[in-house]
Amino acid sequence: MLGFRLGLYLICFWLLLGPYHEVAYAQEAIDLTVEPEIRGSLVVETVVDRIERSAIFTNDFGFIRRIAWVETRDGLNRTYTFRPGYHGGLWQVDEALFLETKDTVTHPTLIDKYEQIRVEFDVEWSTVGWEELRKPLHSGLAIWLYMFTRNESIPLNIYDQADYWGRHYSRLHVNITVDEFVIRVNQLEAMKADCYKDIDLFIILDSSGSIGSRSYEVAKNFVADLVSGFTISANSVRVGLVVFSSSVHLIFNLDDSFDKSVVLSKIRSTPYYGGLTATGNGILLAANTGFTEARGARPTDLAIPRVAIVLTDGHSNRGVDVYTAAELARTLSIELFAFGIGDGINDNELLQIAGSQDRVFRIDSFTNINDARALITQGSCKSNVKAVINTTYNGDLDIRERRSFAYTVPEEGITIQIQVTMGFVNLYGSYSNPNPSVIWYDYVVQGVQQGREVFIPHPTTSSRRRRRQTVQHVPFYCALVGGEHNNLFTIAAVNGTIRACNCGCM
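Residues numbered from 1 in each chain as written. Predicted model: local features only at pLDDT ≥ 70, side-chain atom pairs only at ≥ 80, totals over all residues. Heavy atoms only, no water.

Visitor: Which parts of the structure should I look at to understand the nonpolar core?
Guide: Within soluble globular proteins, side chains that are nonpolar tend to cluster in buried spots. Residues F63, W91, V93, W125, I143, M147 and Y169 are the most contacted members of the largest nonpolar core, which totals 47 residues. Within the residue set of this core, elements represented by two or more residues are α2 (41-54), α3 (63-72), α5 (95-100), α6 (110-121), α7 (136-149), α8 (158-168) and α9 (178-191). In terms of residues, this core owes the most to one element, α7, which gives 8 residues. Here V93 is in contact with Y86, G88, F98, W130, L133, S139, A142, I143 and Y169, once residues within four sequence places are set aside. (Core = buried A, V, L, I, M, F, W, Y, C linked by side-chain atoms within 4.5 Å. Buried < 20%, exposed > 50% of the residue type's maximum accessible area, 1.4 Å probe, protein only. Helix = DSSP H or I, 4+ residues; strand = E, 2+ residues; numbered from the N terminus. Contact = heavy atoms within 4.5 Å.)

Visitor: Help me out: how do you make sense of the confidence of the model for the protein chain in this one?
Guide: Should the pLDDT be low somewhere, the predicted coordinates at that spot are not to be read in detail. On average, residues of the protein chain carry a pLDDT of 87, and 88% of them reach 70 or more. Low pLDDT (under 50) marks residues 1-26, which in the prediction has 39 contacts with non-local residues, meaning those over four places away or in another chain. The model gives residues 500-506 a pLDDT under 50, and that stretch makes 10 contacts with residues more than four places away or in other chains. (pLDDT = per-residue confidence, 0-100.)

Visitor: Please explain the packing of α3 against α7 as it appears in this structure.
Guide: When two helices pack together, you describe them by how their axes are tilted relative to each other and by the distance separating the axes. One way to put it is that α3 packs onto α7 with a least axis distance of 11 Å and a crossing angle of 120 degrees. Classified by the interaxial angle, the pair formed by α3 and α7 is oblique. The element α3 and its partner α7 pack so that their crossing is right-handed. Where α3 abuts α7, its residues F63, I64 and I67 lie against I143, W144 and M147. Taken together, the residues that form the contact of α3 with α7 break down as 6 nonpolar, no polar and no charged. (Axes fitted to C-alpha atoms, helices over the stretch in contact; angles between N-to-C directions. Parallel < 35°, antiparallel > 145°, perpendicular 65-115°, else oblique. Left-handed = near helix turned anticlockwise from the far one by under 90°. Nonpolar A, V, L, I, M, F, W, Y, C, P; charged D, E, K, R; others polar.)

Visitor: Looking at this model, I keep getting lost on the packing of aromatic side chains. Mind explaining?
Guide: Two aromatic rings are characterised by how far apart their centres lie and by the angle between their planes. Inspection of every chain in the model, using the stated rule, returns 18 aromatic pairs. Taking the centre distance of 5.6 Å and the plane angle of 50 degrees together, the rings of F222 and F339 count as tilted. Separated by 117 residues along the polypeptide, F222 in helix α10 (residues 213-228) and F339 in strand β7 (residues 334-340) bring together distant segments of the chain. Pair check on accessibility: F222 and F339 agree, each one buried. An aromatic cluster is defined as three or more aromatic residues linked by ring pairs; in this entry it consists of F61, F222, F339 and F361. Of note, R83 hangs over the ring of Y86, and the distance from its end group to the ring centre comes to 3.9 Å. Above the face of the F230 ring, R373 is positioned so that its terminal group lies 6.0 Å from the ring centre. (Phe/Tyr/Trp six-rings, centres within 6.5 Å; stacked < 30°, edge-to-face > 60°. Lys NZ or Arg CZ within 6 Å of the ring centre and 35° of its normal.)

Visitor: Sorry, what's going on with the side chain of T270 here?
Guide: Mapped onto the secondary structure, T270 falls in the loop between α11 (260-269) and α12 (279-290). Looking at T270, the relative accessible area reads 3%, which means it is buried. At a separation of 2.7 Å, a polar atom in the side chain of T270 contacts the main-chain carbonyl oxygen of K266. Every residue in contact with T270, bar those within four places of it in the chain, is listed here: Y216, K220, L241, V243 and I251. (Polar contact = N/O pair within 3.5 Å; in protein donor to acceptor, adjacent residues only side chain to side chain.)

Visitor: Please explain the sheet that holds strand β3 (residues 199-206) as it appears in this structure.
Guide: In a beta sheet, neighbouring strands pair by backbone hydrogen bonds and run either parallel or antiparallel. Pairing in this open sheet of 6 strands is mixed, and the strands run β5-β4-β3-β6-β7-β8 from one edge to the other. At either margin of the open sheet sits one strand with a lone partner, and together these are β5 (248-252) and β8 (360-362). On average, adjacent strands in this sheet sit at an angle of 25 degrees to one another, irrespective of strand direction. With 3 bridges joining them, β7 and β8 adopt parallel strand pairing. Residue pairing for β8: G340 is matched across the bridge by R362. Here α12 sits on the sheet and contacts β3, β4 (237-244), β5, β6 (306-312) and β7; the angle it forms with β5, its principal contact strand, is near 45 degrees. Packing against the sheet, helix α15 (residues 369-381) makes contact with β3, β6, β7 and β8, and its axis sits at approximately 155 degrees to β7. (Pairing = 2+ DSSP bridges.)

Right, here's the structure in full:
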């Protein structure tokens, strides 16, 4: 009798919700970064992103990601990467190098890193054995820890990184030369596809007295070189410029011109103002005025990444507080990068602007402007639109291109609604991973065509209800990935479930 009633309830529930409603109740999360002998570029990039976001180590300027490709081509040759008796994993961390990460007598500062790794990743590094480096996350942590013991900052450009690698890492890898390192890295960079073809980009340039006219000209040339590598058009990259000193000036809007030569001419001809440094005001002008549809920004429902690059010496002394302005920009889903210019740069203020160390740079560190452009593009790939409940977003995706959204989940959960009118998309979701993918996710719905509704519960609702505690809102990160070369979608979310069961089936 019980089985009959349960079957009736399930049939009723299915009829009520319809064939396109999927209830994604709590399930065991998938994290392939801790599974042995998992390989591939997406695995490597997930491990690198995960460790970078922990902020345990300083900015590596893409070096660790490049080593995985140089050493194993991201595990392309499985037989070689995971050969019998060798446990260095995707980063080929030899046992001698691994033992350096265990030597807390010679390197006592490792102890603090151990604790941070334990808290962030639930990994007790003091008990990890070399054989565990067959797991991607552990191999990645090992190479980062080893580089930490070198007590030398990782350089930014490829050629200096090749020299660094040759001195610190390749002594046991006789088959790969420093020149080969450069060749393989260039191959990697050439293969990287921009996850976003479209960006709305504002340059926010310091023109104050503390910069000086000479450094200002250097900064303008840097910006012009940076912009010259983008595809400027109405449907790809749009560029605007704000200049600040004692006052702020919106030099040109995002849609003033899609002729690259005109854009570059306007950048190079912008005058030097001198005076005080109102950095916060410059950020606010771009955030509140520049990134509006009236000034050429594309509508927010298209989920086009909005990126602002602030070039300054970090010595703001007028107007709105820099941190306050930067935080407001971030609430508007604007990704900020900070580039130090001139002498006596205040790194703390640059960090306040960028929000994380991996988005802070100095323009004199770049011998190849392509390195700077790649860092900005890849940084925008990791951005999430701060999605609003009851708001519809739409867009088109190429194959493997992604759009990422950050929702807030209340106690009653949310229902995500997806409509696909061309092609198909895959949905990956996570409460903790801002960039969910097939490698690491809490929820997955693959092959979404036409319409689909997915209920996302609050992760702790049931236990908190039993204890009658207040339930805090939590973030939920949702990524849509294109399955074909042309995929048109809309996505929206509502609080709770869309349909209430009124037939006794619940």
